[in-house]
Amino acid sequence: GGCAAPIGVLAEVVEGEQGDELWVRATALSPDGTLAVRMSASGDPADAAGVGNRLAEQMLDEGAGQLTKTPHEQPVTDCERQDA
């Protein structure tokens, strides 16, 4: 998403019925905050990357990737200048 993208994620390991369970909640917002995709997923902590990747794919399927695309040019952020 980049260093200035309006996205956030919280992951925590909690005690589930079958032992430890990884819970991940994520939000992606439009730059003005009026549109959002919010989703969550859970799974085995040993498969943290898999849980995160599945959640990301679901969010992209719901349009999260389109939230940051705007018809006008956005100002260049400091982190983008460092990457150049």
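What about the sheet that holds strand 3 (residues 36–43)?
Then comes step 1: Spatially, the three strands line up as an open sheet ordered 1-2-3, and their pairing is antiparallel. Across the chains shown, the open sheet's two edge strands, defined by having one partner strand only, are strand 1 (7–16) and strand 3. Between one strand axis and the next, the sheet turns through 15° on average, direction left out of account.
Then comes step 2: When strand 1 meets strand 2 (residues 19–29), the two strands line up antiparallel, connected through ten bridges. The partner of glycine 8 across the bridge, within strand 2, is threonine 27.
Then comes step 3: Here helix 1 (residues 48–61) sits on the sheet in contact with strand 2 and strand 3, set at roughly 150° to strand 3.

Re the environment of alanine 4
Then comes step 1: With respect to the helices and strands, the residue alanine 4 is situated in the segment before strand 1.
Then comes step 2: Judged by its relative accessible area of 52%, alanine 4 is exposed.
Then comes step 3: As for alanine 4 and proline 31, which are separated by 27 residues in sequence, their C-alpha atoms are 9.5 Å apart.

Thoughts on the nonpolar core
Then comes step 1: Leu22, Val24, Ala26, Ala28, Val37, Ala41, Val51, Leu55, Met59, Ala64 and Leu67 form the largest nonpolar core, which has eleven residues in total.
Then comes step 2: Of all the elements in the fold, those that place two or more residues in this core are strand 2, strand 3 and helix 1.
Then comes step 3: Top element by residues in this core is strand 2. It accounts for four residues.
Then comes step 4: With residues up to four places along the chain from it excluded, the contact list for alanine 26 reads Gly8, Val9, Val37, Arg38, Met39, Leu55 and Met59.

Quick notes on the pairing of strand 3
Then comes step 1: Relative to strand 3, strand 2 runs antiparallel, the two being bridged by eight bridges. Along strand 3, the bridge assignment pairs threonine 27 with arginine 38.

So, how was this worked out
Residues numbered from 1 in each chain as written. Predicted model: local features only at pLDDT ≥ 70, side-chain atom pairs only at ≥ 80, totals over all residues. Heavy atoms only, no water. Pairing = 2+ DSSP bridges. Helix = DSSP H or I, 4+ residues; strand = E, 2+ residues; numbered from the N terminus. Axes fitted to C-alpha atoms, helices over the stretch in contact; angles between N-to-C directions. Contact = heavy atoms within 4.5 Å. Buried < 20%, exposed > 50% of the residue type's maximum accessible area, 1.4 Å probe, protein only. Core = buried A, V, L, I, M, F, W, Y, C linked by side-chain atoms within 4.5 Å.

Any functional reading would require information beyond the geometric quantities listed.
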